[in-house]
Amino acid sequence: MKKIINAPENYVDDMLKGIYAAHSDQVKYAADDLRCYCRAEKKPGKVAIITGGGSGHLPLFLGYVGDGMIDGCGVGGVFQSPSPEQIYNIAKEVEAGAGVLYLYGNYTGDIMTFDMATDLCDMDDIECRSLVGADDVNSHKDPATRRGVAGIYFMFKAAGARADEGGSLNEVLAAAQLAKDNTRTVGFALTPCIIPEVGHANFELKENEMAMGMGIHGEPGVWNGPLKTSREIAEESLNTLLTDMPVADCEEVSILINGLGATSIEELYILSNDVTQILNSKGIKIYKTIVGEYATSMEMAGASISICKMNDELKKYMDHPVNTPFICQK
């Protein structure tokens, strides 16, 4: 294991200390707990949006805390859920008089955490709503059972914009739901990753082998086999996505080409070009293309492709300005 660390057991807290030191004007922590990550200032009367999940996925989850997006994030260990008490303490810190919306991935530990945090908030008369991201098409046939991966970005974007506009709790929830209903993701891995406290790879792939549909924690995908070309990967991925969520000729989508941690930006743009060409050949218009790392898996090589079907409301949310330590959109 080769990593720029001090002690493996301090990996998450040392990372957080670095972020707070570099961005103290934008973020802080609550309840004397580094893992209760919050915006430095809150906007009175605005719906507070809280997310949370395991570390190892930057900029998911905490990277979306800032102006125009999320207000707080519970930070768990690598691939581990935060605690209910941490989410509760964040809610007390960022709630601004209009209630709290929880947005997080569809994982058993996270669901338990946020459900218990809701019970704690209820005792303090803090009104809460919840919505889980479940965009990973290859993870399950049942949409309600699917994992939440990079496509949760569109939920954060829509909910954050609507909250910034002054929407009510129900309106912010509806914006997030709209993004969720219109978003699908397919991902694939080329290499495993190493959890610092474990010290070895979390799965194995042979040389020149890839795993289509593998999850961001190393969950099994739909097949392991020889590495395909970018064009072949794009074709299979889009066939899966568009079968699950048909997009008609002349409809518009935004696409997110997301790197999993160790894939070069050059490769992501090669994949993006292939995705664009295939969509154009089908008469599907592209409203916005986003390329980069938005939901990683430590140093896993691979990528994911997300599509979000656009309407006028979602276009407005996509164009809304954002300023976090990790993402800036003017």
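Residues numbered from 1 in each chain as written. Predicted model: local features only at pLDDT ≥ 70, side-chain atom pairs only at ≥ 80, totals over all residues. Heavy atoms only, no water.

## Looking at the overall build of the protein chain
From N to C terminus, the protein chain includes 8 helices and 14 strands. Taken over the C-alpha trace, the protein chain has a radius of gyration of 19 Å; the compact-globule value for 330 residues is 20 Å, and the two agree within 12%. Across the 330 residues in the protein chain, those meeting the buried criterion constitute 57%. Taking all contacts inside the protein chain whose residues are at least 6 apart in sequence as the whole, residues at least 24 apart take part in 72%. A total of about 13,600 Å² of accessible surface is found on the protein chain, and carbon and sulfur atoms cover 49% of it. Here the protein chain contributes 28 positive and 46 negative side-chain charges, whose respective centroids are spaced 4 Å apart. (Helix = DSSP H or I, 4+ residues; strand = E, 2+ residues; numbered from the N terminus. Rg over C-alpha atoms; globule rule 2.2 N^0.38 Å. Buried < 20%, exposed > 50% of the residue type's maximum accessible area, 1.4 Å probe, protein only. Contact = heavy atoms within 4.5 Å. Areas by Shrake-Rupley, 256 points an atom, 1.4 Å probe, with all protein chains shown as cover. Lys, Arg positive; Asp, Glu negative; His and termini not counted. Charge placed at Lys NZ, Arg CZ, Asp CG, Glu CD.)

## A few points about the sheet that holds strand 7 (residues 183–189)
Read across the sheet, 6 strands follow the order 9-8-7-12-10-11 without closing on themselves; strand pairing throughout is mixed. Of all the strands in the sheet, the pair left with one neighbour each is strand 9 (223–226) and strand 11 (285–292). Going across the sheet, the axis of each strand differs from the next one's by a mean of 20°, ignoring polarity. Pairing geometry for strand 7 and strand 12 (residues 302–309), over 7 bridges, is antiparallel. Across the sheet, G187 pairs through a bridge with S304, a residue of strand 12. Where helix 8 (residues 312–319) meets the sheet, its contacts fall on strand 10 (252–259), strand 11 and strand 12, and the angle it forms with strand 11 comes to roughly 30°. (Pairing = 2+ DSSP bridges. Axes fitted to C-alpha atoms, helices over the stretch in contact; angles between N-to-C directions.)

## Considerations on the side chain of T183
Inspection of the secondary structure assignment puts T183 in strand 7. Among the polar contacts made by the side chain of T183, one reaches the main-chain carbonyl oxygen of A179 at a distance of 2.6 Å. If near-sequence neighbours (up to four positions away) are discounted, T183 is found in contact with D135, G151, F154, M245, I307 and C308. (Polar contact = N/O pair within 3.5 Å; in protein donor to acceptor, adjacent residues only side chain to side chain.)

## Digging into the nonpolar core
In terms of nonpolar packing, the biggest core is built from 64 residues, with Y37, Y64, L101, L103, Y153 and F156 touching the most fellow members. Among the elements that take part in this core, helix 4 (residues 152–164) stands out by supplying 9 residues, more than any other. Those residues in contact with L101 that lie beyond four places of it in its chain are V47, A48, I49, I50, R129, S130, A159, L169, V172, L173 and A176. Residues I257, I278, V291 and A303 belong to the second largest nonpolar core, which totals 25 residues. (Core = buried A, V, L, I, M, F, W, Y, C linked by side-chain atoms within 4.5 Å.)

## Overview of helix 4
With 13 residues, helix 4 extends 18 Å between its outermost C-alpha atoms, agreeing within 8% with the 18 Å of an ideal straight helix rising 1.5 Å per residue. Counting buried positions along helix 4 yields 12 of 13 residues, so the element is predominantly enclosed. (Expected span 1.5 Å × (residues − 1).)

## Here's the deal with unusual backbone geometry
The residue after L58, namely P59, is reached through a cis peptide bond having omega 10°. Turning to its location among the elements, P59 is positioned in the loop between strand 3 (48–55) and strand 4 (72–78). In the segment running from L60 into F61, the intervening peptide bond is cis, with an omega of 5°. Within the secondary structure, F61 sits in the loop between strand 3 and strand 4. Notably, A31 is not glycine yet its phi reads approximately 55°, a positive angle. Among the secondary structure elements, A31 is positioned in the loop between strand 1 (27–29) and strand 2 (36–39). One non-glycine residue, N208, lies in the positive phi region at around 65°. Checked against the element boundaries, N208 lands in the loop between strand 7 and strand 8 (209–212). Its relative accessible area of 56% is what places N208 among the exposed residues.

## Examining the packing of aromatic side chains
Summed over all chains, the structure comprises 8 aromatic pairs. Between Y153 and Y294 the ring centres are 5.2 Å apart and the planes differ by 70°, which places this aromatic pair in the edge-to-face class. Of this pair, Y153 sits in helix 4 while Y294 is found in the loop between strand 11 and strand 12, placing the two residues 141 residues apart along the sequence. A relative accessible area of 14% means that Y294 is categorised as buried. By the ring-pair criterion, three or more aromatic residues cluster together here, those being Y64, Y153, F154, F156 and Y294. (Phe/Tyr/Trp six-rings, centres within 6.5 Å; stacked < 30°, edge-to-face > 60°.)

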